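Working through the structure, step by step
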Amino acid sequence: MISLDPISTVPPYEQVRSQFARKITDRELAVGTRLPTVRALAAELGIAVNTVARAYRELEEAGLIETRGRAGTVVSAAGERTRERVLHAARTYATTAREQGLTPAEALDIVRAALTD
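Here's what I pulled together on the structure shown here. All values reported here derive from a predicted model rather than from experimental measurement. One numbering rule holds for all chains: residues counted from 1, following each sequence as written. The predicted nature of this model means local features are confined to residues of pLDDT at least 70 and side-chain atom pairs, given and counted, to a pLDDT of 80 or more, with totals for whole chains, interfaces and linings taken over all residues. The side-chain quantities take in all heavy atoms of the structure and omit both hydrogens and water.

1. Observations regarding the packing of helix 1 (residues 12-25) against helix 3 (residues 49-61)
Rules: Helix axes use the C-alpha atoms of the stretch in contact, all axes being lines fitted to C-alpha atoms, and the angles between their N-to-C directions lie in the range 0 to 180 degrees. Each helix corresponds to a stretch of at least 4 residues labelled H or I by DSSP, and each strand to a stretch of at least 2 residues labelled E; elements are numbered beginning at the N terminus. The scheme is simple: roughly parallel for angles under 35 degrees, roughly antiparallel for over 145, roughly perpendicular for 65 to 115, oblique for anything else. Take the far helix as the reference: if the near one is turned anticlockwise from it by less than a right angle, the crossing is left-handed, and if turned clockwise, right-handed. Should any heavy atoms of two residues lie within 4.5 Å, those residues are considered in contact.
Helix 3 packs onto helix 1 with a crossing angle of 40° between their chain directions and a minimal axis gap of 8 Å. With respect to helix 3, the element helix 1 is oriented oblique. When you trace helix 1 past helix 3, the crossing you get is right-handed. Facing Pro12, Tyr13, Glu14, Val16, Arg17, Phe20 and Ala21 of helix 1, the residues of helix 3 in contact are Thr51, Arg54, Ala55, Tyr56, Glu58 and Leu59.

2. Quick word on the packing of aromatic side chains
Convention followed: Classification of ring pairs uses Phe, Tyr and Trp, with its six-membered ring standing for Trp, and accepts pairs whose centres are within 6.5 Å; under 30 degrees between planes counts as stacked, over 60 as edge-to-face, and the remaining range as tilted. Note on exposure labels: buried denotes an accessible area under 20% of the residue type's maximum, exposed denotes more than 50%, and partly exposed covers the range between, all computed with a 1.4 Å probe on protein chains only. Criterion for a charge above a ring: Arg CZ or Lys NZ at most 6 Å from the ring centre, at most 35 degrees from the ring normal.
Applying the stated criterion across every chain, the model contains one aromatic pair. Ring geometry for Phe20 against Tyr56: centres 5.9 Å apart, planes inclined by 75°, an arrangement best described as edge-to-face. Of the two residues, Phe20 is situated in helix 1 and Tyr56 in helix 3; the sequence distance between them amounts to 36 residues. Judged by relative accessible area, Phe20 falls into the buried class, the value being 0%. Tyr56 gets classed as buried once you look at its relative accessible area, which sits at 4%. Across the ring face of Tyr13, the terminal group of Arg54 is positioned such that the distance to the ring centre comes to 3.6 Å.

3. As for the nonpolar core
Our working rule: We call a set of buried Ala, Val, Leu, Ile, Met, Phe, Trp, Tyr and Cys residues a nonpolar core when their side-chain atoms join them within 4.5 Å.
Counting residues in each nonpolar core, the largest one holds 18 residues, and the members touching the most others are Val16, Phe20, Leu35, Leu41, Tyr56 and Leu59. Apart from residues lying up to four places away in sequence, Val16 is in contact with Ile2, Leu4, Leu41, Leu45, Ile47 and Ala55.

4. What to know about the side chain of Gln15
Stated formally: Counting of polar contacts relies on pairs of N or O atoms within 3.5 Å, with two restrictions inside protein: one atom must be capable of donating a hydrogen and the other of accepting it, and residues adjacent in sequence are counted only when both atoms are side-chain atoms.
Tracing the backbone shows Gln15 in helix 1. In terms of polar contacts, Gln15 uses its side chain to reach the backbone amide nitrogen of Asp5, at 2.7 Å. Setting aside residues no more than four positions away along its own chain, Gln15 makes contact with Ser3, Leu4, Asp5, Ser8 and Val10.

5. Some points on the layout of surface pockets
Definition in use: Residues are said to line a cavity or pocket when one of their atoms sits within 4 Å of a point; the points come from a 1 Å grid over protein atoms alone, cavities being sets where a 1.4 Å probe fits but cannot get out and pockets being open sets with protein on both sides within 12 Å along at least five of seven lines. Grid points are joined across faces, edges and corners, and a volume is the space filled by probe spheres set on the points.
Put simply, the largest pocket is a space of about 150 Å³. Around the largest pocket, the lining residues are Tyr93, Ala94, Ala97, Arg98, Leu102, Thr103, Pro104, Ala107, Leu108 and Val111. Looking at the lining of the largest pocket, the elements with two or more residues in it are helix 4 (78-99) and helix 5 (104-116).

The quantities given are spatial measurements derived from coordinates; they are silent on function.
This is the structure in structure tokens:
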């Protein structure tokens, strides 16, 4: 489900967080899909429980997952709304870029630069 690159400069919690976030926003993980427990995923990946807990906490703060007590951690319906929010932001940006006289290539270059920050 999730894999870590041990030689990456990206911290393990961020690797876990970003992979789950991508799977959720790409709809690879559907709303209601149950995620592994923090302990189970930590054991599977060979990392500390607190590392996975931090990734889950950040995903929950972003509204992508929710913890339901004994029922576990599941993909939140808010994950569906994430795509809508991003699309809205993209349309707003496109309008602003056109108003400022940017070419599509220039606007995309700015987005690419922002995504690598």
